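# Coordinates in review
Residues per chain are reported as follows:
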Amino acid sequence: MNNDLFSLNGKIAWVTGASYGIGYAIATALHKAGAVIVFNDIGQEQLDKGLASYKADGIKAHGYVCDVTDEKAVNETAAKIEKEVGAVDILVNNAGIIKRIPMTDMSAQEFRQVIDVDLNAPFIVAKAVIPSMIKKGGGKIINICSMMSELGRETVSAYAAAKGGLKMLTKNIASEFGQYNIQCNGLGPGYIETPQTAPLREKQADGSRHPFDKFIIAKTPAARWGKPADLAGPAVFLASGASDFVNGHILYVDGGILAYIGKQP
Ligand code: NAP
Ligand code: GCO
């Protein structure tokens, strides 16, 4: 097997919202495959924490304060990255939020906030880097989707609508820009141990597992929550030449949860 197939040497990767969590794990994996890492965060304090983490892990990351929902700020950041680091070869639209609120209790403003970060922002950031990707002769866009791109559940209406839309935005970018050698695919993590899912794993007062924690364990063939590192290989695959003929695909990294009816209680 030609190992260069998965090499990212000489590539510049921008991972949005990657001070920690899934974005940090993906950025670390892309670095190990040879990419130069660029990331952003919404605030300077969190960005500095992220820079310190990358440094501690031996990674010289380039960090920028940027709210991905702010089109002007995104365009300015993309221009700064191109000037200071180089044109982006790999974009990972990772930044995301969730609000777990019963739909009839959720305000339209709260719904719009989730759609803004989880769907509008991937559009904005992709739009900012596609022209330079075309100039360079191609590029890779990886949108971090979710099992909620396929399934719903109580309290996550805005998130599921956003991630379902992100699945179709992924397919549309693939359709519109495949002719320029741009591959746009999705990564669909299952339930992963990060700050975003911490409330679903909180120990109960008696020290027992959270009911949702037990539910996910029973629904997952792997019988465990995913770790951010479980996304490393799939991310490198979709960022590398190994996936040059993979386009518009959502690669689920979920331990088999989408394939499984669940263990009998
Ligand atoms: P997380 O721990 O909540 O981290 C989210 C990151 O996005 C943080 O660094 C956050 O920065 C950043 N962010 C949020 N809004 C932003 C904005 N407007 N501009 C710039 N950065 C922003 O989430 P995670 O679990 O790592 O998830 C990362 C991605 O994977 C998300 O898209 C999420 O929907 C998706 N996902 C997660 C799971 C899971 O089980 N964890 C499963 C499937 C998909 P601040 O800390 O400064 O707010
Ligand atoms: C939730 C969880 C999920 C995960 C992930 C699953 O509240 O159901 O946060 O949405 O974050 O998206 O793939």
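Summary of the structure given here. (Residues numbered from 1 in each chain as written. Chains lettered and ligands numbered in written order. Predicted model: local features only at pLDDT ≥ 70, side-chain atom pairs only at ≥ 80, totals over all residues. Heavy atoms only, no water.)

### Topic: the site of ligand 1
- Contacts to ligand 1 come from 29 residues, most closely from Tyr20, Asp41, Asn94, Tyr159 and Thr194.
- The contact in question runs from an oxygen atom of ligand 1 to an N or O atom on the side chain of Asp41, over 2.4 Å.
- The separation between an oxygen atom of ligand 1 and a polar side-chain atom of Thr194 is 2.5 Å.
- When isolated, ligand 1 has an accessible area of 890 Å², and the protein chains bury 91% of it.
- Here ligand 1 occupies the largest pocket.
- Within the residue set of the shell around ligand 1, elements represented by two or more residues are α1 (21-32), β2 (36-41) and α5 (157-177).
- Its residues assigned to classes, the shell around ligand 1 comprises 15 nonpolar, 11 polar and three charged. (Near = heavy atom within 4 Å. Polar contact = N/O pair within 3.5 Å; in protein donor to acceptor, adjacent residues only side chain to side chain. Areas by Shrake-Rupley, 256 points an atom, 1.4 Å probe, with all protein chains shown as cover. 1 Å grid on protein atoms, 1.4 Å probe; cavity = no way out; pocket = protein on both sides within 12 Å on 5 of 7 lines; lining within 4 Å. Sits in = over half its atoms within 2 Å of the grid points. Helix = DSSP H or I, 4+ residues; strand = E, 2+ residues; numbered from the N terminus. Nonpolar A, V, L, I, M, F, W, Y, C, P; charged D, E, K, R; others polar.)

### Considering the pattern of salt bridges
- All told, the structure shown has nine salt bridges when counted by the stated rule.
- A salt bridge links Lys140 to Asp244; the shortest N-O distance between them is 2.8 Å. Pair noted here: Lys140 is in strand β5 (residues 139-144) and Asp244 is in the loop between α7 (232-239) and β7 (250-253), with a separation of 104 residues, a long-range link.
- Exposure remark for Lys140: the relative accessible area of 6% places this residue in the buried category.
- Among the residues examined, Asp244 registers a relative accessible area of 41% and is labelled partly exposed. (Salt bridge = Lys/Arg side-chain N within 4 Å of Asp/Glu carboxyl O. Buried < 20%, exposed > 50% of the residue type's maximum accessible area, 1.4 Å probe, protein only.)

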